[in-house]
Amino acid sequence: MPAATGKRQRTPSPGWASATATIAGTALVLLSFGCFTWLVMLTYAAWRRSWRLALVGVGYLVAVLVEVSMLNLEDPDAEVPGTEAVIFLGLAVVTWLVGAAHVVLLSRGVWAALTGGQGSARFRAEEERRIRREHARYLLYHYPAARDELRIGRPDLPRTFDDGGLIDVNAVPDQVLAGLPGLTADQCRQLTVDRWLRGPYASLEELAGRCLLPPTATDRLRELLFFLPPTPAAPAGERTPPAGS
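Analysis parameters
- Per chain, residue numbering runs from 1 following the sequence as it is written.
- Given that the model is predicted, a residue must reach a pLDDT of at least 70 before its local features are reported, and side-chain atom pairs must reach 80 or more before they are shown or counted; all residues, however, enter totals for whole chains, interfaces and linings.
- In computing side-chain values, all of the structure's heavy atoms are included and hydrogens and water are not.
- Helical segments are the DSSP runs of H or I of at least four residues, strand segments are the runs of E of at least two, and each set is numbered from the N terminus.
- One fewer than the residue count of a helix, multiplied by 1.5 Å, yields its expected span.
- A 1.4 Å probe rolled over the protein chains alone gives each residue an accessible area, and that area as a share of the maximum for its type sets the label: buried under 20%, exposed over 50%, partly exposed in between.
- The directions considered for the arc are those from the helix axis to the C-beta atoms.
- For this analysis, residues touch if any pair of their heavy atoms sits within 4.5 Å.
- Ring pairs are drawn from Phe, Tyr and Trp, using the six-membered ring of Trp, whenever the two centres fall within 6.5 Å, and their geometry is named by plane angle: stacked under 30 degrees, edge-to-face over 60, tilted for the rest.
- Take the buried Ala, Val, Leu, Ile, Met, Phe, Trp, Tyr and Cys residues and link them wherever side-chain atoms come within 4.5 Å; each set so joined is a nonpolar core.
- The disulfide criterion used throughout: a pair of cysteine sulfur atoms within 2.5 Å.
- Convention adopted: a line fitted to C-alpha atoms gives each axis, helices being fitted over their contacting stretch, and angles between N-to-C directions are expressed from 0 to 180 degrees.
- Working definition: roughly parallel below 35 degrees, roughly antiparallel above 145 degrees, roughly perpendicular at 65 to 115 degrees, and oblique for all remaining angles.
- Whenever two N or O atoms come within 3.5 Å, that pair is a polar contact, provided that in protein one can donate a hydrogen and the other can accept it, and provided that, for residues adjacent in sequence, both atoms are side-chain atoms.
- Any residue with relative accessible area above 30% and no salt bridge may belong to a patch, with like charges joined within 9 Å and the nonpolar Val, Leu, Ile, Met, Phe, Trp and Tyr side chains within 5 Å.
- In this description, accessible areas are obtained by the Shrake-Rupley approach with a 1.4 Å probe, and a residue is regarded as covered only by the protein chains that are shown.
- What counts as a salt bridge is simple: a side-chain nitrogen of Lys or Arg found within 4 Å of a carboxyl oxygen of Asp or Glu.

### Observations regarding helix α3 (residues 51-70)
- With 20 residues, α3 should cover 28 Å at 1.5 Å per step; its first-to-last C-alpha distance of 29 Å lies within 8% of that length.
- Buried residues of α3: Leu 53, Gly 57, Tyr 60, Ala 63, Val 64 and Glu 67, and no others. Along the axis of α3, the buried residues cluster in a sector spanning 115°; they form a single face. The outward face of α3, more than 90 degrees from its buried face, is lined by the exposed residues Trp 51, Arg 52, Leu 55, Leu 65 and Ser 69.
- Buried residues in α3 make contact with α2 (37-48) and α4 (82-105).

### With respect to the packing of aromatic side chains
- This model, assessed by the stated rule, comprises two aromatic pairs.
- Their ring planes at 50° and their centres at 5.1 Å tell us that Phe 33 and Trp 96 sit as a pair that is tilted. With a gap of 63 residues between them, Phe 33 in the loop between α1 (15-31) and α2 and Trp 96 in helix α4 connect regions that are remote in the sequence.
- Residue Trp 96 is classed as partly exposed on the basis of its relative accessible area, which comes to 29%.
- Ring geometry for Tyr 44 versus Trp 47: centroids 5.7 Å apart, planes at 35°, classification tilted. With Tyr 44 and Trp 47 both in helix α2 and three residues apart, the pair spans about one turn of that helix.

### Describing the nonpolar core
- Ranked by internal contacts, the top residues of the largest apolar core, which has 19 residues, are Leu 180, Leu 183, Leu 191, Leu 207, Leu 225 and Phe 227.
- Those elements that provide at least two residues to this core are α8 (174-177), α9 (185-198) and α10 (204-211).
- Counting residues per element, this core draws most heavily on α10, which supplies four residues.
- Beyond its immediate chain neighbours, meaning those up to four positions away, Leu 225 contacts Arg 137, Ile 167, Val 169, Leu 180, Leu 204 and Leu 207.

### Let's talk about the state of the cysteines
- Evaluated as defined, the whole model comprises zero disulfides.
- With no disulfide of its own, Cys 211 lies closest to Cys 188 among cysteine sulfurs, the gap being 9.9 Å.
- Note on Cys 211: relative accessible area 7%, which makes it buried.

### Concerning the packing of α9 against α10
- With their axes 10 Å apart at the nearest point, α9 and α10 run at an angle of 105° to one another. Considering the angle they form, α9 stands roughly perpendicular to α10. Along its contact with α9, which presents Gln 190, Leu 191, Asp 194, Arg 195 and Arg 198, the element α10 presents Leu 207, Arg 210 and Cys 211.

### As for the environment of Gly 59
- Following the sequence through the fold, Gly 59 ends up in helix α3.
- Assessed through its relative accessible area of 39%, Gly 59 is described here as partly exposed.
- On a C-alpha basis, the gap between Gly 59 and Thr 37 in space is 9.9 Å, while along the polypeptide they are 22 residues apart.

### Topic: the environment of Thr 192
- Of note, Thr 192 is situated in helix α9.
- A sequence separation of 19 residues divides Thr 192 from Cys 211, and the C-alpha atoms of the two residues are 9.5 Å apart.
- A polar contact is formed between the side chain of Thr 192 and the backbone oxygen of Arg 189, at a distance of 2.8 Å.

### Describing a nonpolar patch on the surface
- Taken together, the side chains of Leu 30, Val 93, Val 94, Leu 97 and Val 98 define a hydrophobic patch exposed on the protein surface, amounting to about 370 Å² of accessible area.
- Broken down by element, the residue count for the nonpolar patch peaks at four residues, all from α4.
- Within the element layout of this structure, Leu 30 appears in helix α1.

Following this line, the structure appears as structure tokens:
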């Protein structure tokens, strides 16, 4: 048999299984007042094969054992020193309430929703917009007539085709350039004035060089802008300067 190559990829668990585990684990932590938080964490550690979660589970177990050792089972009515009471309550809060919140955050769906990572609604929406932009770029470079027919990159014009937010930087009016993400008002004004004075841009690098834009500003524009020769416009003598120039 040929030797296996590469690291074996694990198949993600289905959404219903993750949701069921989260509900069951959180319920166990809450109903046991944190006494079984360690067990839930060790179960997750075995499920995900995570030594970090295993260490966390051991930490919760140690906290529970410390709590139990602080209980005076022989004389429950005995007065507890203030320091010990504070420590006991602190450990109880950690193993019970913090533990329950920890179990909820172990759900990949909840974590993605909070952080905007893969699986969140925001991530899915942006991924869909990215795919639409790729499709629109494909049409632009394989069917040039789509630029005018579908009005790709022209959010200022009425249209039905969704291009994912592309902007035809050499064709859109100044108002669209003024709303480019990641640029300050002064940078947008510099861009509109430079385009009016020196003509269209051939690439993002040329735009950044002519307008002195830093890489932090142009990185956000790389996915949105495209640079095609402008369509025939009015004669140069009839052009009007951009507002604020």
